[in-house]
Protein chains: 2
Amino acid sequence: MIGIFDSGIGGLTVARAVMELFPHLNICYFGDTARTPYGTKSKDTVTRYAVENTRFLLDQGAKIIVVACNTASAVAVPTLRERFDVPIFEVISPAVDMALSLAKAKRIGVIGTRGTINSGIYERLIKERDPERKVFSEPCPLLVSLVEEGWLKKPETRMIVKKYLHPLKAQQIQSLILGCTHYPIIKQLIARKIGKRVKIVDSSEAVSVSLKRYLDDNPRVMDGLSKGGESVFHVSDVTAQFAKTAQLILNRRVDLQHATPLEC
Amino acid sequence: MIGIFDSGIGGLTVARAVMELFPHLNICYFGDTARTPYGTKSKDTVTRYAVENTRFLLDQGAKIIVVACNTASAVAVPTLRERFDVPIFEVISPAVDMALSLAKAKRIGVIGTRGTINSGIYERLIKERDPERKVFSEPCPLLVSLVEEGWLKKPETRMIVKKYLHPLKAQQIQSLILGCTHYPIIKQLIARKIGKRVKIVDSSEAVSVSLKRYLDDNPRVMDGLSKGGESVFHVSDVTAQFAKTAQLILNRRVDLQHATPLEC
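Residues numbered from 1 in each chain as written. Chains lettered and ligands numbered in written order. Predicted model: local features only at pLDDT ≥ 70, side-chain atom pairs only at ≥ 80, totals over all residues. Heavy atoms only, no water.

Focus on the overall build of chain A
When helices and strands are counted, chain A shows 13 helices and 10 strands. Since a compact globule built from 264 residues should have a radius of gyration of about 18 Å, the 17 Å found for chain A is in line with a globular shape. Expressed as a percentage of its 264 residues, the buried residues of chain A come to 59%. Sequence separation of 24 or more characterises 75% of the internal contacts of chain A that already satisfy a separation of 6 or more. Of the roughly 11,000 Å² of accessible surface on chain A, a fraction of 49% belongs to carbon and sulfur atoms. Charge-centre separation for chain A: the mean point of 37 positive side chains lies 9 Å from the mean point of 27 negative side chains. (Helix = DSSP H or I, 4+ residues; strand = E, 2+ residues; numbered from the N terminus. Rg over C-alpha atoms; globule rule 2.2 N^0.38 Å. Buried < 20%, exposed > 50% of the residue type's maximum accessible area, 1.4 Å probe, protein only. Contact = heavy atoms within 4.5 Å. Areas by Shrake-Rupley, 256 points an atom, 1.4 Å probe, with all protein chains shown as cover. Lys, Arg positive; Asp, Glu negative; His and termini not counted. Charge placed at Lys NZ, Arg CZ, Asp CG, Glu CD.)

The structure is reproduced here in structure tokens:
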């Protein structure tokens, strides 16, 4: 099956995108709700958590790992690839590819958690592939909490989104990468505040497209994956609020199963 | 020495209050920044973390434990008292005592994280001791993130505080318990929004007063504590932002030492 992990519930936006593209594949999701969020934590701590989560998914029978969390994608993927001998997908390169494919968008904005933005990974990857592009990044640390609270349409959320996007608007960006799995949930609000002319790049969509390309090119891997369209959702902590947010994202009732990955 | 733990950095408001009352005592602080926050997590998970943190502080030589975190105080203290044979102080009963000592305040408001408010502990303790009092509780989950971001004076923070306090104001409360260690940092803002007539009960002050009473009554325990006024601050994850918030609370540069409590 395909294993997907995230720091919490937000990564279900990635699971949703993957399930839409591959309705017949089995998916095993792990959300580290007992230690969420990752975006405010250090590289060492996030890497340790990512290793534990990956090991858990492999123990469940995953043959491919998707790191749905942008912060873990930004800081932990080299370690995961070193330690584990399965394909590891992350959400950053696919979003960068998608942003670069918009040839006219020379001024690219990126929003994410403090951990993701401080890593500088989006800027580095974009510049490596096309030095002509200009990249403008803004950390938006409060958006995760606002989304997890379900404050999707409150005036305070609108004000905070506007405040965070203001410097990017001033830089007249032409595309905007949503560098956090929580942001697709308020994509319409973000699109409205940044302006119609700015193309939105959604990393959860981008990673599922990249996974599709990989499986189309590697039919033997595809053949080895279990089918049936069954999804299992594990979380390291279960609360009513987590269940509510999960339902909000997947648009259906979700049975969250409690699981604790072994500590390294 | 006195061991104090919290889910993160907010508990430094308790450490500050204790250090002000006992400038000569040695203090060992542990902030679980690698797993912060606790307020959104379940009772089982928070209890497991509290046991690990207590064990860590005892290993460092603590003879008294102060649970600075309201969520852990609300859900984990019976387990800690069962497992560990040292005095365990928590921040809830002292705040309740202080609120009840304001004899004219019959209508008491309580604000805290979702975990603390859902536990119903403030209401239960107040009603047990004085069934005549009315208690009105409101979870304010976003305030922790706003404080940790240092958004202490932003208009968005003012709006959100006003929104959270609105139902309590409508109930014409006469005192307000700050049931989260982060809230003393925005005490003035809270006081302004709830109105001058409402007495604010600060649980970090309340617990240090209760600790003082205990040590005055138990001079042998006091004699057994190491002196010198030295404080050590351990955290399970170190980032620049945590260091900044710590400095903001203690009003001086703080050397945060990295430590990982053993998992149960």
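Topic: the domain arrangement of chain A
Residues and elements named next belong to chain A. The domains assigned to chain A are domain 1 (2-90 + 205-258) and domain 2 (92-203). Between domain 1 and domain 2, the C-alpha centre-to-centre distance is 22 Å. Taking both partners together, domain 1 and domain 2 bury about 1,900 Å²; carbon and sulfur atoms supply 55% of that area. Across the domain 1-domain 2 interface, the total number found is one salt bridge. Along the contact surface separating domain 1 from domain 2 lie 16 residue pairs in polar contact (both at pLDDT 80 or more). For the side of domain 1 that touches domain 2, the secondary-structure elements that each account for two or more residues are helix H1 (12-21), helix H3 (70-75), helix H11 (203-217) and helix H13 (240-250). In terms of residue count, the dominant contributor to the side of domain 1 that touches domain 2 is H3 (five residues). By residue class, the composition of the side of domain 1 that touches domain 2 is 10 nonpolar, 10 polar and three charged. (Domains from an automatic or database assignment. Buried area = accessible area lost by both parts, 1.4 Å probe. Salt bridge = Lys/Arg side-chain N within 4 Å of Asp/Glu carboxyl O. Polar contact = N/O pair within 3.5 Å; in protein donor to acceptor, adjacent residues only side chain to side chain. Nonpolar A, V, L, I, M, F, W, Y, C, P; charged D, E, K, R; others polar.)

Concerning the sheet that holds strand S2 (residues 27-31) of chain A
Residues and elements named next belong to chain A. Strand order in the open sheet formed by six strands is S4-S3-S1-S2-S9-S10, and the pairing between neighbours is parallel. The sheet terminates laterally at strand S4 (88-90) and strand S10 (256-258), the two strands that pair on one side only. Adjacent strand axes in the sheet meet at a mean angle of 25 degrees, parallel and antiparallel pairs treated alike. As judged from the four bridges shared by strand S1 (residues 2-6) and strand S3 (residues 64-67), these two strands associate in the parallel manner. Residue pairing in the sheet places Phe5 in a bridge with Val67 of S3. Relative to the sheet, helix H2 (residues 43-59) contacts S1, S2, S3 and strand S9 (231-235), its axis offset from that of S1 by approximately 150 degrees. (Pairing = 2+ DSSP bridges. Axes fitted to C-alpha atoms, helices over the stretch in contact; angles between N-to-C directions.)

Focus on the packing of aromatic side chains
To describe a pair of aromatic rings, you give the distance between the ring centres and the angle between the ring planes. Under the definition given, this model contains 10 aromatic pairs over all chains. Each ring, one from Phe89(A) and one from Tyr214(A), has its centre 5.2 Å from the other, and the planes form 70 degrees; the classification is edge-to-face. Of this pair, Phe89(A) sits in strand S4 while Tyr214(A) sits in helix H11, placing them 125 residues apart in sequence. By relative accessible area, Phe89(A) is classed as buried at 11%. Note on Trp151(A) and Tyr164(B): the rings are 5.7 Å apart at their centroids and 50 degrees apart in plane angle, and the pair reads as tilted. Of this pair, Trp151(A) sits in the loop between helix H8 (142-148) and helix H9 (155-170) while Tyr164(B) sits in helix H9 (residues 155-170), each in a different chain. (Phe/Tyr/Trp six-rings, centres within 6.5 Å; stacked < 30°, edge-to-face > 60°.)

Description of the relation of the copies chain A and chain B
The relation between the two chain copies is a rotation about an axis coupled with a shift along that axis. When chain A is fitted to chain B, the residual RMSD is 0.0 Å, and the transformation amounts to a turn of 180 degrees plus an axial shift of 0.0 Å. Both copies are brought into coincidence by an operation consistent with a two-fold rotation axis. In terms of C-alpha distance to the rotation axis, chain A has Arg35(A) as its closest residue, with the C-alpha 2.3 Å off the axis. When the interface residues of chain A are mapped onto chain B, 100% of them again fall at the interface, so both copies present the same face. (Least-squares fit on C-alpha atoms with pLDDT ≥ 70 in both.)

Re the side chain of Thr36(B)
Topologically, Thr36(B) is positioned in the loop between strand S2 (27-31) and helix H2 (43-59). A residue is classified by how much of its surface remains accessible, and Thr36(B), at 5% relative accessible area, is buried. Apart from the residues within four sequence positions on either side, Thr36(B) is in contact with Thr36(A), Pro37(A), Lys41(A), Ser7(B), Gly8(B), Lys41(B) and Phe242(B).

Focus: the sheet that holds strand S7 (residues 175-179) of chain A
All names here are of chain A. With parallel pairing, four strands are arranged side by side in an open sheet as S6-S5-S7-S8. Taken across any chain shown, the strands that pair with only one partner, and hence form the sheet edges, are strand S6 (134-139) and strand S8 (199-202). Across the sheet, the mean angle from the axis of one strand to that of its neighbour is 20 degrees, orientation sign disregarded. Bridge count between strand S5 (residues 107-112) and S7: five bridges; the pairing is parallel. Within the sheet, the bridge partner assigned to Ile108 lies in S7 and is Ser175. Contacts from helix H7 (residues 121-129) reach S5, S6 and S7 within the one sheet, and its direction differs from that of S6 by about 170 degrees.

Things to note about H1(A)
All names here are of chain A. Burial runs high along H1: seven of the 10 residues are buried. All of the buried residues in H1 are Leu12, Thr13, Val14, Ala15, Ala17, Val18 and Met19. Turning to H1, the residues buried within the fold contact S1, S2, S3, H11, S9 and H13.

Focus on the environment of Gly11(A)
Residues and elements named next belong to chain A. Relative to the assigned elements, Gly11 resides in the loop between S1 and H1. Using a relative accessible area of 0% as the deciding quantity, one classes Gly11 as buried. Each C-alpha atom, one on Gly11 and one on Val254, is 14 Å from the other, the two residues being 243 residues apart in sequence. Those residues in contact with Gly11 that sit more than four places away from it in its chain are Asp6, Tyr29, Ala68 and Thr181.

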